[in-house]
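Architecture and fold: a report
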Amino acid sequence: QQQVKQSPQSLIVQKGGISIINCAYENTAFDYFPWYQQFPGKGPALLIAIRPDVSEKKEGRFTISFNKSAKQFSLHIMDSQPGDSATYFCAASAEETSGSRLTFGEGTQLTVNP
Amino acid sequence: EPEVTQTPSHQVTQMGQEVILRCVPISNHLYFYWYRQILGQKVEFLVSFYNNEISEKSEIFDDQFSVERPDGSNFTLKIRSTKLEDSAMYFCASSEGWTSGYSGANVLTFGAGSRLTVL
């Protein structure tokens, strides 16, 4: 019940295209849903996050869409750029009950071709 | 920009040996964490630490693991007797606590990781 499922495992997009990564969770106690971006040789870095009281959050080219009833959330990268090539992890935590212990998805390797 | 610093970046050890991984969290942060990532797998929570004690640990964090904040700046993870399956990238993270950003979320900053190879 603690799992977060992420898809696809890898994604190749042309420059200027839209990258979409999906995650699904089971634990209804999860109340914080961040996305992390990881470049080779670096640790995960917070990209954008959402709480279940809103259905969408946008920051620049990055948007999280959240569907509470379906227990799904997704990351959309508009106008994808080669510099966006990285591994993306969705995560979830139940801050009310377990502090900020993050449960991560499996990761998506995004490649944006020039 | 403040960052979490981890040493060593890579350590190779023999099975059964003790290993200490070190982390310098961001100076005003109060919460500290260790996560690990086995090659090709997801990032997994190990332990969280606050106010000089473990606040939460996962089932992975058994008696072979321990954490310590020996002084005001370092946060260490010790593996007492390493096993082959301990080979992984170990990430330290720290956080300030619940902030007003992201609707009051506890935002973690991760270090670049320490790669542990057990032979």
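Residues numbered from 1 in each chain as written. Chains lettered and ligands numbered in written order. Predicted model: local features only at pLDDT ≥ 70, side-chain atom pairs only at ≥ 80, totals over all residues. Heavy atoms only, no water.

Further remarks concern the overall build of chain B. Within chain B, the secondary structure is distributed over zero helices and eleven strands. Reading the helices (α) and strands (β) of chain B from amino to carboxyl end gives β-β-β-β-β-β-β-β-β-β-β. Taking 119 residues into account, the globule formula puts the C-alpha radius of gyration at 14 Å, and chain B, at 14 Å, falls close to it. Taken along its principal axes, the extent of the C-alpha atoms in chain B is 45 × 30 × 30 Å. Classification of the 119 residues of chain B by burial places 45% in the buried group. Restricting the contact set of chain B to residue pairs at least 6 apart, pairs at least 24 apart contribute 54%. If the 9 positive side-chain charges of chain B are averaged to one point and the 14 negative ones to another, these points end up 5 Å apart. (Helix = DSSP H or I, 4+ residues; strand = E, 2+ residues; numbered from the N terminus. Rg over C-alpha atoms; globule rule 2.2 N^0.38 Å. Buried < 20%, exposed > 50% of the residue type's maximum accessible area, 1.4 Å probe, protein only. Contact = heavy atoms within 4.5 Å. Lys, Arg positive; Asp, Glu negative; His and termini not counted. Charge placed at Lys NZ, Arg CZ, Asp CG, Glu CD.)

Okay, the nonpolar core next. Soluble globular proteins: nonpolar side chains tend toward being buried together. Ranked by size, the top nonpolar core spans 25 residues in total, and within it A:Phe33, A:Trp35, A:Phe73, A:Leu75 and A:Tyr88 carry the most contacts. At the level of secondary structure, the elements contributing two or more residues to this core comprise strand S2 (10–14), strand S3 (19–25), strand S4 (33–38), strand S5 (45–50), strand S7 (62–67), strand S8 (72–77), strand S9 (86–92) and strand S11 (108–113) of chain A. In terms of residues, this core owes the most to one element, S9(A), which gives four residues. Filtering out sequence-adjacent residues up to four positions away, A:Phe33 remains in contact with A:Tyr25, A:Ile48, A:Ala49, A:Ile50, A:Pro52, A:Ile64, A:Phe66, A:Phe73, A:Ala91 and A:Ala92. Core analysis: the second largest hydrophobic core is formed by 22 residues, B:Val4, B:Val19, B:Ile26 and B:Phe49 among them. (Core = buried A, V, L, I, M, F, W, Y, C linked by side-chain atoms within 4.5 Å.)

Residues and elements named next belong to chain B. On the basis of which strands lie adjacent, the open sheet formed by four strands has the order S1-S3-S8-S7 and antiparallel pairing. Looking along the sheet, the strands with just one partner apiece sit at the ends: strand S1 (5–7) and strand S7 (65–68). The mean angle between the axes of side-by-side strands here comes to 15°, regardless of whether they run parallel or antiparallel. One ladder, built from three bridges, connects S1 with strand S3 (residues 19–24); its direction is antiparallel. Bridged to Thr7 within S3 is Arg22. (Pairing = 2+ DSSP bridges. Axes fitted to C-alpha atoms, helices over the stretch in contact; angles between N-to-C directions.)

Moving on: the interface of chain B and chain A. If you look at the interface, chain B gives 22 residues, while chain A gives 25 residues. Roughly 1900 Å² of surface becomes buried between chain B and chain A when both sides are summed, with 54% attributable to carbon and sulfur atoms. Between chain B and chain A we count three salt bridges in total. At the junction of chain B with chain A, the criterion picks out three residue pairs in polar contact (both at pLDDT 80 or more). For the side of chain B that touches chain A, the elements supplying multiple residues, two or more each, are strand S4 (31–37), strand S5 (43–50), strand S6 (53–57), strand S9 (88–98) and strand S10 (106–110) of chain B. For the side of chain B that touches chain A, the leading source of residues is S10(B), giving four residues. Taken together, the residues of the side of chain B that touches chain A break down into twelve nonpolar, six polar and four charged. (Buried area = accessible area lost by both parts, 1.4 Å probe. Salt bridge = Lys/Arg side-chain N within 4 Å of Asp/Glu carboxyl O. Polar contact = N/O pair within 3.5 Å; in protein donor to acceptor, adjacent residues only side chain to side chain. Nonpolar A, V, L, I, M, F, W, Y, C, P; charged D, E, K, R; others polar.)

The subject of this paragraph is the state of the cysteines. A complete count under the given rule lists two disulfides over all chains for this structure. Bridging A:Cys23 to A:Cys90, the disulfide has an S-S length of 1.9 Å. The chirality of the disulfide connecting A:Cys23 with A:Cys90 is left-handed, given an S-S dihedral of about -95°. Taken together, the residues A:Cys23 in strand S3 and A:Cys90 in strand S9 connect sequence positions 67 residues apart. Accessibility expressed as a relative area gives 2% for A:Cys23, which makes it buried. A sulfur-sulfur separation of 2.0 Å characterises the disulfide bridge that pairs B:Cys23 with B:Cys92. Because the sign of the S-S torsion sets the handedness, a value of about -65° for the bond joining B:Cys23 and B:Cys92 places this disulfide among the left-handed ones. Note that B:Cys23 is positioned in strand S3 and B:Cys92 in strand S9, a separation of 69 residues in sequence. Taking the relative accessible area as the measure of exposure, B:Cys92 reaches 0% and is therefore buried. (Disulfide = S-S within 2.5 Å.)

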